[in-house]
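# Working through the structure, step by step
What follows is each chain in one-letter form.
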Amino acid sequence: MSQKTEQLLSWYSEMLSIRKLDENINTLLKTGLMFGFSHQYIGQEAISVGVCANLQPDDYITSNHRGHGHCLSKSGNLKFILAELLGKETGYCRGNGGSAHIADQGSCNLGANGIVGAGAPIAAGAALASVLRGEKRIAVCFFGDGAANQGATMEAMNFAAVKNLPMIFLCENNNYAVSASFANSTKVESIAKRAEGFGIPAETIDGNDVELVYETVKRVVDRVRSGEGPYLIECITYRWKGHSTNDQGLYRTTEELEAWKEKCPIKALKNKLLKSGVTEAELEAREAQVDAEFEEALQFAIDSPFPKPEDSLSYVYAPSGGNMEWR
């Protein structure tokens, strides 16, 4: 088997794992294992996988409220992610962050965020720190088309451009910001056009093609890491579910949703693998392995203890010595 096919198979398993996780969110909520609501990443898996495959362990990312895929692609530990979603002490944030605020300092994931667009200035700050320290680390800011209309994102773009920061603005344009379609909320035809106004080079690509995402980001990572300044990549994709688990998505048509499901990034990769000579049996084995790993991780999360009430304020402030204990 060629090295390329091995890589594609690895991405296939990772994309399946992300989807398996988010497909089970509703069940976790309905059975009372998980609390509140959540934002699912289903339909966008190719982006986090293709992007993070290009990053070094000490490169930074900032995420958003739809960030399970980002976290899994950067850190790869499904057990700690599920434990966090269930509010358990063994989770990445010891059960204090939950779905919309999951973070992992160990893998330089600076966190998901419930505030739209808030990750952009954080990523810019991380990129600036890298420059001041004389490091070669870069920062990637994942954000959606809705966040492109936020002032914080615009300010971060301007600051990154002025300071020539090693930063990638990675827009996952899934066509909707809650119920507002991109066509009805943004006059320009692409988010890439926004970057041009700040003097930042940009391009728009198919976000459902994991190979294209990987190759594009690889080229851009090399450029950014070498000191040529920030760059914006707009990945066109589509979220299959509503804005969150309590949104039925009645503002869009069944025909539109089904048309995008035909462009499923996992289905597209599966077809590519089959054409390359990988057998159905090999893919089914991968799928079974992902299912087994999910069940094992879920059991780990279920069996884990809840945080102790007396520890509730332990992570509000960083200790003076800077030795905060992360996963």
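You'll find the structure just up there.
Keep in mind that what you see is a predicted model, and the values were worked out from it rather than measured.

Moving on: the sheet that holds strand β3 (residues 167–173). Read across the sheet, five strands follow the order β1-β2-β3-β7-β6 without closing on themselves; strand pairing throughout is parallel. Each edge of the sheet is formed by a strand with only one pairing partner; in this case those strands are β1 (60–62) and β6 (202–206). Taken over all neighbouring pairs, the strand axes of this sheet differ in orientation by 20 degrees on average, direction set aside. Both β6 and strand β7 (residues 231–236) contribute to a ladder of five bridges, which runs parallel. Paired with Ala202 across the strands is Leu232, a residue of β7.

We now examine unusual backbone geometry. Despite not being glycine, Arg94 shows a phi value in the positive range, around 55 degrees. Mapped onto the elements of the fold, Arg94 is located in the loop between α5 (78–85) and α6 (119–132). Even without being glycine, Asn175 reaches a positive phi, approximately 80 degrees. Mapped onto the elements, Asn175 comes out in the loop between β3 and β4 (176–177).

Core analysis: the biggest nonpolar cluster contains 64 residues, and Leu82, Val140, Ile168, Leu170 and Ile233 have the highest contact counts within it. When residues of this core are assigned to their parent elements, the largest contribution, eight residues, is made by helix α1 (residues 3–23). Residues within four places of Leu82 in sequence aside, it is in contact with Leu21, Leu28, Phe294, Ala297, Leu298 and Ala301. Within the second largest apolar cluster, 26 residues are counted, among which are Ala127, Ala156, Cys171 and Ile191.

Nonpolar side chains collect at one region of the surface, where Leu313, Val316 and Tyr317 lie side by side and expose about 400 Å² of accessible area between them. Structurally, the position occupied by Val316 is in the segment after α13 (280–303).

This brings us to the pairing of β3. For β3, the tally of buried residues reaches seven of seven residues, placing the bulk of the element in the interior. The side-chain alternation of β3 yields two buried faces, one formed by Met167, Phe169, Cys171 and Asn173 and the other by Ile168, Leu170 and Glu172. Note that strand β2 (residues 139–144) and β3 share six bridges and pair parallel. Note on β3: the bridge partner recorded for Phe143 is Cys171. Note that the unit made of β2, helix α7 (residues 151–163) and β3 has a crossover that is right-handed.

So, about the pairing of β2. Of all six residues in β2, six are buried, a share of seventy percent or more. With burial as the criterion, each face of β2 is covered, one bearing Ala139, Cys141 and Phe143 and the other bearing Val140, Phe142 and Gly144. In this sheet, β2 lies alongside β1 in parallel orientation, the contact comprising three bridges. Each residue of the ladder has a partner; that of Thr62, found in β2, is Cys141.

Note: disulfide means a covalent bond formed between the sulfur atoms of two cysteine side chains. Inspection of every chain in the model, using the stated rule, returns zero disulfides. With no disulfide partner, Cys93 has as its closest neighbouring cysteine sulfur the one in Cys71, 8.1 Å distant. No disulfide involves Cys264; its nearest neighbouring cysteine sulfur is the one of Cys235, lying 16 Å away.

Time to look at the pattern of salt bridges. Throughout the structure, instances matching the rule amount to 15 salt bridges. Residues Lys79 and Glu296 are paired through a salt bridge, measuring 3.4 Å at the closest nitrogen-oxygen approach. Placement of the pair is Lys79 in helix α5 and Glu296 in helix α13, with a sequence separation of 217 residues. Notably, a salt bridge pairs Arg137 with Glu135, separated by 3.5 Å at the nearest N-O pair.

Attention shifts here to the packing of aromatic side chains. Here the structure, examined in full by the defined rule, presents seven aromatic pairs. Taking the centre distance of 6.2 Å and the plane angle of 50 degrees together, the rings of Phe80 and Phe300 count as tilted. Taken as a pair, Phe80 in helix α5 and Phe300 in helix α13 lie far apart in primary sequence, 220 residues in all. A relative accessible area of 23% means that Phe80 is categorised as partly exposed.

What follows covers the environment of Ser190. You can see Ser190 is positioned in the loop between α8 (182–185) and α9 (192–196). When the C-alpha atoms of Ser190 and Lys163 are compared, they prove to be 24 Å apart, with 27 residues separating the residues in sequence. The residues touching Ser190, leaving out its near neighbours within four places in the chain, are Phe182, Thr204 and Glu234.

When the terminal C-alpha atoms of helix α10 (residues 210–225) are compared, their 22 Å separation across 16 residues agrees well with the 22 Å that a helix rising 1.5 Å per residue should span. Those residues of α10 that fall on the buried side of the exposure criterion are Val210, Glu211, Val213, Tyr214, Thr216, Val217, Val220, Val221 and Val224. For α10, the elements touching its buried residues are α1, α3 (45–52), β3, β6, β7 and α12 (265–275). Capping the start of α10 is the job of one residue whose side-chain oxygen sits 3.1 Å from the backbone nitrogen of Glu211: Asp209. Following α10 by one or two positions, Gly227 has its phi on the positive side, about 100 degrees.

Cut-offs used in this document
- Residues numbered from 1 in each chain as written.
- Predicted model: local features only at pLDDT ≥ 70, side-chain atom pairs only at ≥ 80, totals over all residues.
- Heavy atoms only, no water.
- Pairing = 2+ DSSP bridges.
- Helix = DSSP H or I, 4+ residues; strand = E, 2+ residues; numbered from the N terminus.
- Axes fitted to C-alpha atoms, helices over the stretch in contact; angles between N-to-C directions.
- Core = buried A, V, L, I, M, F, W, Y, C linked by side-chain atoms within 4.5 Å.
- Buried < 20%, exposed > 50% of the residue type's maximum accessible area, 1.4 Å probe, protein only.
- Contact = heavy atoms within 4.5 Å.
- Patch = residues over 30% accessible without salt bridge, like charges linked within 9 Å, V, L, I, M, F, W, Y side chains within 5 Å.
- Areas by Shrake-Rupley, 256 points an atom, 1.4 Å probe, with all protein chains shown as cover.
- Salt bridge = Lys/Arg side-chain N within 4 Å of Asp/Glu carboxyl O.
- Right-handed = clockwise from strand over helix to strand, strands pointing away.
- Disulfide = S-S within 2.5 Å.
- Phe/Tyr/Trp six-rings, centres within 6.5 Å; stacked < 30°, edge-to-face > 60°.
- Expected span 1.5 Å × (residues − 1).
- Polar contact = N/O pair within 3.5 Å; in protein donor to acceptor, adjacent residues only side chain to side chain.

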